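# Per-entry structural report
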Amino acid sequence: MSDAGGTAAYDIRKVLKALPHRYPLLLVDRVKSIELGERIHAVKAVTFNEEFFQGHFPGAPIMPGVLQIEAMAQAAAILGIETLQLAGTGKLVYFMGIENAKFRSPVTPGCLLDLEVAFLQKRSRVYKFKGRASVEGKTTCEVEFTAMIADPPAD
């Protein structure tokens, strides 16, 4: 599958191959497009069944902003792992820093949360990204973050 720009789209099976995350912390449901070495556009389908809605907030459910950032980080992890052809190697992508996080609008059950992430800077194992989450074109969160690719912790 590809979009008009010729970039690949991923269904949930391919997302699960690229990420180690699983329920309840898997926050990417689909990749609409990916341009290796450049950017990714992923989607999180936000449903009332999400565990965090039980307590945030009862009667007025809102997706926590930190989980929006985590969803963008997972999209960035797919971008990094796929760009470097590391899928299946066991390598993990770790947060190193979060900067300039701004929360613009709440995310509620029933939304499709668009996750757009692009590389800002690339070094050997450390990468800086800029992310934007939105619902129907309206920005909900913007952030810059740094991550590193490393081996998983030893048992």
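Residues numbered from 1 in each chain as written. Predicted model: local features only at pLDDT ≥ 70, side-chain atom pairs only at ≥ 80, totals over all residues. Heavy atoms only, no water.

### Brief notes about the pattern of salt bridges
Evaluation of the coordinates by the stated rule reveals 9 salt bridges. Residue Lys 44 pairs with Asp 29 through a salt bridge whose shortest N-O separation is 4.0 Å. Here Lys 44, found in strand E3 (residues 39-45), pairs with Asp 29, found in the loop between helix H1 (12-18) and strand E2 (30-35); they are 15 residues apart in sequence, far enough to count as distant. A relative accessible area of 4% means that Lys 44 is categorised as buried. With a shortest N-O distance of 2.7 Å, Lys 91 and Asp 151 are connected by a salt bridge. With Lys 91 in the loop between helix H2 (65-83) and strand E4 (92-103) and Asp 151 in the segment after strand E7 (138-150), this pair connects stretches of sequence that are 60 residues apart. The partly exposed category is assigned to Lys 91, whose relative accessible area is 32%. Salt bridges sharing partners connect three or more residues here, namely Asp 29, Lys 44 and Glu 50. (Salt bridge = Lys/Arg side-chain N within 4 Å of Asp/Glu carboxyl O. Helix = DSSP H or I, 4+ residues; strand = E, 2+ residues; numbered from the N terminus. Buried < 20%, exposed > 50% of the residue type's maximum accessible area, 1.4 Å probe, protein only.)

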